[in-house]
Amino acid sequence: MFGRTTSISIKPCSCGFGDANLNTTPGDRPATIDYCPNINKLDNHVDCPSFDGICHENEPCEPYWRLIRGGIKQIRRWCLMGEIENVYCITRPVLVIRTRFDEKVKIHLYLEQSNTPVTFSLNDAIKGHTVLIMYAEKHDFLEGSTGIKQEEGDLLVIFKCPMETLIKTFGSMMAPQACFQCGAKTTDQIQNLPLEDKEHSVSSDSSSSSSMSVNRLLKKCSKCRIALYCNEVCQIQHWKDNRKKLCSSMKYLQMLRELDFTTTTVISEKAGQPFSFAT
């Protein structure tokens, strides 16, 4: 059976999709079920949809699946994200999350084939941390509830920070090169002193070879090699504002950044998952 997600989430996307009272500007392309203007994938209702917007495991739907030449083909990738509100275990661990659309969702972990996942630790499954799952699908449980039945551990990551921090950090990675704390861009006039060479927590590598470029002032975090800062004050403040816990997981954000959500090598519903956080 092939369907289409049509319901409206509790809370609309930041682009306005789902807001019945939104007034669009003439000439602008309106947000639709398969288009979101937000370049931040984690703030994009197509790349990172609501629980309401993802497909049921037994009912592929648009905009992620499409009937092509008589077969159901996956045509784009997606992920589900939410901040942990509760964790409990009866027969299996259950993570209760709140999506950015204000939906409460239960994730039931069925990890018999992956009892020791390499992409996350259950010790990190605590209130205030953020869960992200690639290719999440709705599942109907015997007691009558609908949630997520997660069997592939390498498609799930737990980020040790609030969801708002994760979205903001990923937005910094998606945008043109700029300081992760103050947002100073490479084209800005020089306003800050460069980091001292003795600063051990920031690499001396520059993001440009030009000595006159502002890129020269944007230094990489020496641990994750991704976060950029224009001075020591910004680096220290950003480190205090939860990035200390997020640093070890930046590699997963980098994988998401480089992953093309609009195309996929999956050619049919049964072809398996072409992406893994464990690679």
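Per chain, residue numbering runs from 1 following the sequence as it is written. At least 70 in pLDDT is required for a residue's local features to be given in this predicted model, at least 80 for side-chain atom pairs to be given and counted, and no such filter applies to totals for whole chains, interfaces and linings, which use all residues. Working from all heavy atoms in the structure, the side-chain values ignore hydrogens and water.

1. Concerning the overall build of the protein
Within the protein, the secondary structure is distributed over 3 helices and 14 strands. Scored against the burial criterion, the 279 residues of the protein give a buried share of 47%. In the protein, once contacts between residues fewer than 6 apart in sequence are set aside, the share between residues at least 24 apart is 64%. Using the Shrake-Rupley algorithm and a 1.4 Å probe, accessible areas are obtained, with residue cover drawn only from the displayed protein chains. Total accessible area on the protein stands at roughly 14800 Å², and carbon and sulfur atoms take up 48% of it. Only DSSP runs of H or I covering at least 4 residues are called helices, and only runs of E covering at least 2 are called strands; the numbering of each starts at the N terminus. Think of it in three bands: with a 1.4 Å probe and only protein chains considered, a residue is buried below 20% of the maximum accessible area for its type, exposed above 50%, and partly exposed in between. In this analysis, two residues are considered to be in contact whenever any of their non-hydrogen atoms come within 4.5 Å of each other.

2. So, the nonpolar core
Grouped together as the largest cluster of nonpolar side chains are 67 residues, with contacts concentrated most on L42, M134 and L253. The residues contacting L42, other than those within four sequence positions of it, are C48, C79, M81, R100, L132, L166, I167, F170 and L253. Here the nonpolar core consists of buried residues drawn from Ala, Val, Leu, Ile, Met, Phe, Trp, Tyr and Cys, with membership extended through side-chain atoms lying within 4.5 Å.

3. Overview of unusual backbone geometry
Phi is mostly negative for residues that are not glycine, and the peptide bonds are mostly trans. In this model, E62 is joined to P63 through a cis peptide bond whose omega is 10 degrees. Position of P63 relative to the elements: it lies in the loop between β2 (61–62) and β3 (65–68). Of note in the backbone geometry, D102 takes a positive phi value of approximately 65 degrees without being a glycine. Tracing the sequence through the fold places D102 in the loop between β6 (93–98) and β7 (104–109).

4. Here we look at the pattern of salt bridges
The term salt bridge refers to a side-chain nitrogen of Lys or Arg lying within 4 Å of a carboxyl oxygen of Asp or Glu. Scanning the entire structure with this criterion turns up 4 salt bridges. One salt bridge connects R100 with D43, and the closest N-O pair in it is separated by 3.1 Å. Pair noted here: R100 is in the loop between β6 and β7 and D43 is in the loop between β1 (3–4) and β2, with a separation of 57 residues, a long-range link. Judged on exposure class, the residue R100 and its partner D43 are both buried. Residues R98 and D102 are paired through a salt bridge, measuring 3.8 Å at the closest nitrogen-oxygen approach. A cluster of three or more residues bridged by salt bridges with shared partners is formed by E85, R98 and D102.

This is a description of form; function is not addressed.
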